[in-house]
Protein chains: 2
Amino acid sequence: MAKAPRGRRPGAPDTRAAILGAAREAFAAKGFSGTTIRGIASAAGVDAALVHHYFRTKDDLFLAALELPVDPREVLASAVEGPLEEAGVRFLRAFLSVWDDPSHRPALLGLARGLLDPAGQQLLSGGFLPVVLLPLGTALGLDQPELRMPLVASQVIGLIIVRYLLAVEPVASMPTEQVVAAFGPTLQRYLTGDLA
Amino acid sequence: MAKAPRGRRPGAPDTRAAILGAAREAFAAKGFSGTTIRGIASAAGVDAALVHHYFRTKDDLFLAALELPVDPREVLASAVEGPLEEAGVRFLRAFLSVWDDPSHRPALLGLARGLLDPAGQQLLSGGFLPVVLLPLGTALGLDQPELRMPLVASQVIGLIIVRYLLAVEPVASMPTEQVVAAFGPTLQRYLTGDLA
């Protein structure tokens with residue numbers, strides 16, 4: 001640390017947990033855009049510089065607060081590398097590489113359930129979209145990412161619910177390649193197709 | 001009624017409500033296929049003939065237990081009438097005619113939330129699929145309705161969550177025709193397209 005932060009509990013072992021707790025409450029109540037690092041710091045009783053020290057940016061703090069087993073920005077970054085006309089399949093493969101891994105499943109299912117929780121309604125439009133999906137659409141060079149990425153989200157959420165959360169057959173037991181064949185063209189059309 | 005049923009409360013005003021309550025518990029616990037009219041009658045303390053008298057079939061009883069504002073079989077029947085290559089759009093228009101009607105919204109949102117409820121996991125695979133979607137796929141003359149209709153369900157569920165439950169923009173405010181243009185081709189491909 002460059003300098004000692006003001007505020008109480010600057011170096012206590014629970015400082016990081018206190019920041020995360022304050023962040024979860026703030027993001028749930030005010031959404032991503034309505035939340036500030038300064039407000040979280042104040043609620044946690046620490047200096048804003050300490051929040052930055054532990055979590056760098058507001059984007060990073062948002063994702064840390066979700067306690068995801070992986071950083072979705074890193075996982076989905078592979079969708080950007082390659083021909084744009086295959087980005088839908090690459091996106092889907094990156095998604096499945098995490099979700100089809102049973103060791104990640106419990107944490108991810110908890111997150112998915114939270115999506116329909118009244119307190120979790122900010123999770124998608126107030127968090128995942130601006131932090132993960134819109135930057136990805138911009139990195140892909142899409143026209144209208146603000147229209148296209150919510151369409152992508154709609155099919156990915158439906159896939160999560162049918163394949164993992166409700167385990168509806170035959171989708172629940174489909175091999176990865178069959179999921180890619182079934183859903184890949186849908187995502188590709190949402191990313192680059194004619195939607196009018 | 002042809003004959004007086006055995007069991008208690010044959011004609012009491014709350015008999016119908018007792019049957020519905022027993023049906024809800026049974027469908028939630030055992031799913032559609034694991035539930036019998038006889039078992040529901042027994043749990044409600046009435047004769048099975050009385051259940052048939054009030055609700056005709058198990059399919060009808062399942063839908064009555066959901067307290068839907070409309071019968072989804074009647075709404076979606078219009079998807080069958082017309083060229084198969086436009087069935088996706090007809091399905092979507094029928095769906096939107098109900099969901100875009102604000103008077104139906106509260107009941108439908110309650111149903112959608114129940115989908116992710118642990119007790120409501122049987123709702124889709126144990127109920128909506130066999131009672132509403134698979135018969136529709138069969139009426140359309142699809143090959144592999146048991147594969148195709150769960151794919152349709154995945155996109156429709158994702159649309160419900162993004163447009164109505166989470167109200168993610170711009171999907172939440174899209175005019176009906178724009179929703180049809182964006183999602184219709186997806187449903188059409190799931191109904192009749194190449195998925196391999």
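In the block above lies the structure referred to throughout.
(A) Inspection of unusual backbone geometry at higher detail. Residues and elements named next belong to chain A. Cis geometry is found at the peptide bond from Glu169 to Pro170, where omega equals 5 degrees. Even without being glycine, Arg56 reaches a positive phi, approximately 60 degrees. Topologically, Arg56 is positioned in the loop between α3 (48-55) and α4 (58-65). For Arg56, a relative accessible area of 59% gives the class exposed. In this structure, Gln144 is a non-glycine residue whose phi angle is positive, near 55 degrees.

(B) Highlighting the side chain of Gln155 of chain B. As for its position among the elements, Gln155 of chain B is in helix α9 (residues 145-165). Gln155 of chain B has contacts with Ser154, Gln155, Thr186 and Tyr190 of chain A together with Phe183, Thr186, Leu187 and Tyr190 of chain B, leaving out every residue within four places of it along the chain.

(C) Layout of the relation of the copies chain A and chain B. Once turned by 180 degrees and shifted 0.0 Å along the axis, chain A lies on chain B with an RMSD of 0.1 Å. As the rotation angle and translation indicate, the two copies are arranged about a two-fold axis. When each C-alpha of chain A is compared by its distance to the rotation axis, Gly158 of chain A comes out closest, at 2.1 Å.

(D) The arrangement of the interface of chain A and chain B in detail. Each partner contributes to the interface: chain A provides 36 residues, whereas chain B provides 36 residues. Where chain A touches chain B, the interface holds 0 salt bridges. Linking chain A with chain B are 10 residue pairs in polar contact (both at pLDDT 80 or more). Within the residue set of the side of chain A that touches chain B, elements represented by two or more residues are α7 (105-115), α8 (122-139), α9 (145-165) and α10 (176-192) of chain A. At 12 residues, the largest contribution of residues to the side of chain A that touches chain B is made by α9 of chain A.

(E) Structural view of the packing of aromatic side chains. Residue and element names in this part refer to chain B. What the rule picks out here adds up to 14 aromatic pairs over all chains. A ring pair is formed by Phe62 and Phe128, whose centres lie 6.5 Å apart and whose planes are at 80 degrees; its orientation type is edge-to-face. Here Phe128 lies in helix α8 (residues 122-139) and Phe62 lies in helix α4 (residues 58-66), a separation of 66 residues in the sequence. Relative accessible area serves as the criterion here: at 4%, Phe62 is assigned to the buried category. Pairing Trp99 with Tyr164 gives two aromatic rings, centres 4.9 Å apart and planes at 35 degrees, and the pair type is tilted.

Thresholds applied
- Residues numbered from 1 in each chain as written.
- Chains lettered and ligands numbered in written order.
- Predicted model: local features only at pLDDT ≥ 70, side-chain atom pairs only at ≥ 80, totals over all residues.
- Heavy atoms only, no water.
- Helix = DSSP H or I, 4+ residues; strand = E, 2+ residues; numbered from the N terminus.
- Buried < 20%, exposed > 50% of the residue type's maximum accessible area, 1.4 Å probe, protein only.
- Contact = heavy atoms within 4.5 Å.
- Least-squares fit on C-alpha atoms with pLDDT ≥ 70 in both.
- Salt bridge = Lys/Arg side-chain N within 4 Å of Asp/Glu carboxyl O.
- Polar contact = N/O pair within 3.5 Å; in protein donor to acceptor, adjacent residues only side chain to side chain.
- Phe/Tyr/Trp six-rings, centres within 6.5 Å; stacked < 30°, edge-to-face > 60°.

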